[in-house]
Amino acid sequence: MTKLYTQDAYCVSVCSNNYYVYLNSTSTTNPKQCLSSCPLGSYTLTSNVSCMPCKSPCLTCLNEQFCLSCVDGYYLTKDNYCNATCPYKYYGKTETKTC
């Protein structure tokens, strides 16, 4: 069975160079896409040229375990984790979502 992806409005069996495989779980019409960059909420996995989703509650991330920003209601700690509360002796800044 051939895998089919959409790339620049075309149907392709393999993504072109400098494109990343993105499995869009929210799309019912074209869940397999070839993108020139990974979308918000995912990071680039260069070993297999794909976009991987950030683990919740990370909004943006560098990899599976390194958050860059958090979803609403969570704060980014100095260790780059997202927590609902800040560690002891830290307070949450709501405008930046950081501790």
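Residues numbered from 1 in each chain as written. Predicted model: local features only at pLDDT ≥ 70, side-chain atom pairs only at ≥ 80, totals over all residues. Heavy atoms only, no water.

## Considering the state of the cysteines
Counted by the stated rule, this structure contains six disulfides. With its sulfur 2.0 Å from that of its partner, C15 forms a disulfide with C34. Because the sign of the S-S torsion sets the handedness, a value of about -80° for the bond joining C15 and C34 places this disulfide among the left-handed ones. Of the two residues, C15 is situated in the loop between strand 2 (10-12) and strand 3 (20-23) and C34 in strand 4 (residues 32-35); the sequence distance between them amounts to 19 residues. Both residues of the pair, C15 and C34, belong to the buried class. A sulfur-sulfur separation of 2.1 Å characterises the disulfide bridge that pairs C54 with C61. Residues C54 and C61 are joined through a disulfide that is left-handed, its torsion about the S-S bond being -90°. For the pair formed by C54 and C61, the shared burial category is buried. Bonded cysteines in the protein are paired 1-2, 3-4, 5-7, 6-8, 9-10, 11-12 when counted in the order they occur along the chain. Left unpaired, C11 is separated from the closest cysteine sulfur, that of C34, by 9.4 Å. (Disulfide = S-S within 2.5 Å. Helix = DSSP H or I, 4+ residues; strand = E, 2+ residues; numbered from the N terminus. Buried < 20%, exposed > 50% of the residue type's maximum accessible area, 1.4 Å probe, protein only.)

## Here's the deal with the side chain of S50
Along the chain, the position of S50 falls in strand 6 (residues 50-53). Of the residues examined, S50 reaches a relative accessible area of 8% and is grouped as buried. A distance of 2.6 Å separates polar atoms of two side chains, one belonging to S50 and the other to N48. Among residues more than four places away in sequence, those in contact with S50 are Y20, V21, C38, Y43, T44 and L45. (Polar contact = N/O pair within 3.5 Å; in protein donor to acceptor, adjacent residues only side chain to side chain. Contact = heavy atoms within 4.5 Å.)

Coordinates in, geometry out; function isn't part of it.
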